[in-house]
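The residues making up each chain are set out below.
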Amino acid sequence: MNDRKRKEVEAMFKDTKAFSSFSVDDLAKAKAFYGETLGLNVTEEMNMGLKLHIAGGMEIFVYPKEDHQPATFTILNFPVDDIDKAVDELKAHGVVFEKYGGKLQTDEKGIARSKSPEDGPDIAWFKDPAGNFLSVLTKEKA
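Residues numbered from 1 in each chain as written. Predicted model: local features only at pLDDT ≥ 70, side-chain atom pairs only at ≥ 80, totals over all residues. Heavy atoms only, no water.

A.B. asks: Requested: an account of the overall build of the protein chain, with residues and values cited.
C.D. replies: Each helix and strand in the protein chain was counted, giving three helices and eight strands. For the protein chain, the N- to C-terminal ordering of α and β elements is α-β-α-β-β-β-β-α-β-β-β. Once the C-alpha set of the protein chain is aligned to its principal axes, its extents read approximately 55 × 40 × 30 Å. Within the protein chain, the proportion of its 142 residues that are buried is 34%. Pairs at least 24 residues apart make up 53% of the contacts formed inside the protein chain by residues separated by at least 6 positions. Surface accessibility of the protein chain: about 9600 Å² in total, with carbon and sulfur atoms responsible for 53%. (Helix = DSSP H or I, 4+ residues; strand = E, 2+ residues; numbered from the N terminus. Buried < 20%, exposed > 50% of the residue type's maximum accessible area, 1.4 Å probe, protein only. Contact = heavy atoms within 4.5 Å. Areas by Shrake-Rupley, 256 points an atom, 1.4 Å probe, with all protein chains shown as cover.)

This is the structure in structure tokens:
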């Protein structure tokens, strides 16, 4: 790409407000889960889908897809101050946490505990009603 084209592309995307999106198989279940279970601000978008309003002014679009296939990777990560408290509260709302053995060992709560800061944060995975993977993880210390 020549310099002129590169500058045109940079100008086009530099100030755009990008957003993420993912599919679900049932918008009503998704709205209840993200709004009631997770406590996010959720709005409906002209019968096209949902907007999840995340801290910092971020928005994520959730759309229905008839032949939806759940993501096989984590689509949303929620940093929390206290992962044990977050897991306990979510479990009290019926959320089931994934359990893993082997290299990615989780404890009885479903939390993969970091052995050192270099290993990354403590993290626990769960699924939304459409089978998409989400996580809660320990916030980075400033």
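A.B. asks: With reference to specific residues and values, describe the packing of aromatic side chains.
C.D. replies: In the structure shown here, the tally under the stated rule is six aromatic pairs. An angle of 15 degrees between the planes, with centres 6.2 Å apart, marks the rings of Phe61 and Tyr63 as stacked. A residue is classified by how much of its surface remains accessible, and Phe61, at 17% relative accessible area, is buried. Residue class for Tyr63 comes out partly exposed when judged on its relative accessible area of 29%. Clustering of aromatic rings is evident, with ring pairs tying together Phe22, Phe33, Tyr34, Phe97 and Phe126. (Phe/Tyr/Trp six-rings, centres within 6.5 Å; stacked < 30°, edge-to-face > 60°.)

A.B. asks: So, the nonpolar core: which residues are in play, and what are the values?
C.D. replies: Residues Phe22, Tyr34, Leu52, Leu76, Phe97, Phe126 and Val136 are the most contacted members of the largest nonpolar core, which totals 28 residues. Those residues in contact with Phe22 that lie beyond four places of it in its chain are Tyr34, Leu52, Ile60, Phe61, Val62, Tyr63, Ile75, Leu76, Asp128 and Asn132. Membership of the second largest hydrophobic core comes to five residues, among which are Ala112, Trp125, Phe133 and Leu137. (Core = buried A, V, L, I, M, F, W, Y, C linked by side-chain atoms within 4.5 Å.)

A.B. asks: Please set out the environment of Thr16 residue by residue, giving values where relevant.
C.D. replies: Relative to the helices and strands, Thr16 is located in the loop between helix 1 (3-14) and strand 1 (20-24). Its relative accessible area of 45% is what places Thr16 among the partly exposed residues. The sequence separation of Thr16 and Asp82 amounts to 66 residues, and the corresponding C-alpha distance is 34 Å.

A.B. asks: Which residues make up the pattern of salt bridges, and what are the values?
C.D. replies: Taken as a whole, this structure holds seven salt bridges when the rule is applied. The salt bridge partner of Lys139 is Asp81, with a shortest N-O separation of 3.5 Å. With a gap of 58 residues between them, Lys139 in the segment after strand 8 (133-138) and Asp81 in the loop between strand 5 (74-80) and helix 3 (83-92) connect regions that are remote in the sequence. In this structure, Lys109 engages Asp84 in a salt bridge whose closest nitrogen and oxygen atoms are separated by 3.2 Å. Residue Lys109 is found in the loop between helix 3 and strand 6 (111-112), and its partner Asp84 is found in helix 3; the two are separated by 25 residues along the sequence. With a relative accessible area of 19%, Lys109 lands in the buried category. With a relative accessible area of 24%, Asp84 lands in the partly exposed category. Linked by salt bridges that have partners in common, Asp84, Asp88, Asp107, Lys109 and Arg113 make up one network. (Salt bridge = Lys/Arg side-chain N within 4 Å of Asp/Glu carboxyl O.)

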